Amino acid sequence: QVQLVESGGGLVQAGGSLRLSCAASGRTFSPYVMGWFRQAPGKEREFVAAINRYGGITDYVDSVKGRFTISRDNAKSTVALQMNNLKPEDTAVYYCAAGPVPGRSREMYRDWGQGTQVTVSS
């Protein structure tokens, strides 16, 4: 099992930027696919972005393409989500997740962080 702790959330105006970070501990980090999900009030938790074990392949939901960038540092056991040009509809709790295989489904990720709140004001 991998323990995940997110940080970097906060309140930002529309058009602003935030950088989320997720620190992993426990099992070796590098074999895992890492993903970011988000959950807005009253909505299902949705896929945002994922990165493969070596960082060479990334995947994004259409609504964040061109604005968000996922990256990882296996030496530091961290994964980041750089979020630019934020919109009010990006407001949600953002979760870091780890899984054995790449994908967009929540069920494919085994370990989850506790989440960090991102609020974008208009």
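Structure: see above.
Residues numbered from 1 in each chain as written. Predicted model: local features only at pLDDT ≥ 70, side-chain atom pairs only at ≥ 80, totals over all residues. Heavy atoms only, no water.

**Focus on the packing of aromatic side chains**
Applying the stated criterion across every chain yields a total of four aromatic pairs. Taken together, a centroid distance of 6.4 Å and an interplanar angle of 65° make the contact between Tyr109 and Trp112 edge-to-face. For Tyr109, a relative accessible area of 4% translates into the label buried. Since its relative accessible area comes to 26%, Trp112 is described here as partly exposed. Taken together, the aromatic side chains of Phe37, Phe47, Tyr109 and Trp112 make up a single cluster linked through ring pairs. In this structure, Arg45 is placed above the aromatic ring of Tyr95, and the distance from its NZ or CZ to the ring centre is 3.6 Å. The positively charged end of Arg45 is found above the aromatic ring belonging to Trp112, 5.0 Å away from the centroid. (Phe/Tyr/Trp six-rings, centres within 6.5 Å; stacked < 30°, edge-to-face > 60°. Buried < 20%, exposed > 50% of the residue type's maximum accessible area, 1.4 Å probe, protein only. Lys NZ or Arg CZ within 6 Å of the ring centre and 35° of its normal.)

**Some details on the side chain of Asp111**
In this fold, Asp111 is placed in strand β10 (residues 111-112). This buried residue, Asp111, is left without a salt bridge; Arg110 holds the nearest opposite charge, at 4.0 Å. A polar contact of 3.2 Å, which involves the side chain of Asp111, links it to the backbone nitrogen of Val2. Setting aside residues no more than four positions away along its own chain, Asp111 makes contact with Gln1, Val2, Leu4, Cys96, Ala97 and Ala98. (Helix = DSSP H or I, 4+ residues; strand = E, 2+ residues; numbered from the N terminus. Lys, Arg positive; Asp, Glu negative; His and termini not counted. Salt bridge = Lys/Arg side-chain N within 4 Å of Asp/Glu carboxyl O. Polar contact = N/O pair within 3.5 Å; in protein donor to acceptor, adjacent residues only side chain to side chain. Contact = heavy atoms within 4.5 Å.)

**Examining the pattern of salt bridges**
Scanning all chains against the criterion turns up six salt bridges. Here Arg38 ties to Asp90 by a salt bridge, and the two come within 2.9 Å at their closest N and O atoms. Taken together, the residues Arg38 in strand β4 (residues 33-39) and Asp90 in the loop between β8 (78-83) and β9 (92-99) connect sequence positions 52 residues apart. The two residues Arg38 and Asp90 agree in class, both being buried.

**Some details on the sheet that holds strand β1 (residues 2-7)**
With respect to topology, four strands assemble into an open sheet ordered β1-β3-β8-β7, the strand pairing being antiparallel. Of all the strands in the sheet, the pair left with one neighbour each is β1 and β7 (68-73). Sheet twist, expressed as the average angle between the axes of neighbouring strands with direction ignored, equals 15°. Relative to β8, strand β3 (residues 18-26) runs antiparallel, the two being bridged by six bridges. Bridging across to β8, Leu18 finds its partner in Met83. (Pairing = 2+ DSSP bridges. Axes fitted to C-alpha atoms, helices over the stretch in contact; angles between N-to-C directions.)

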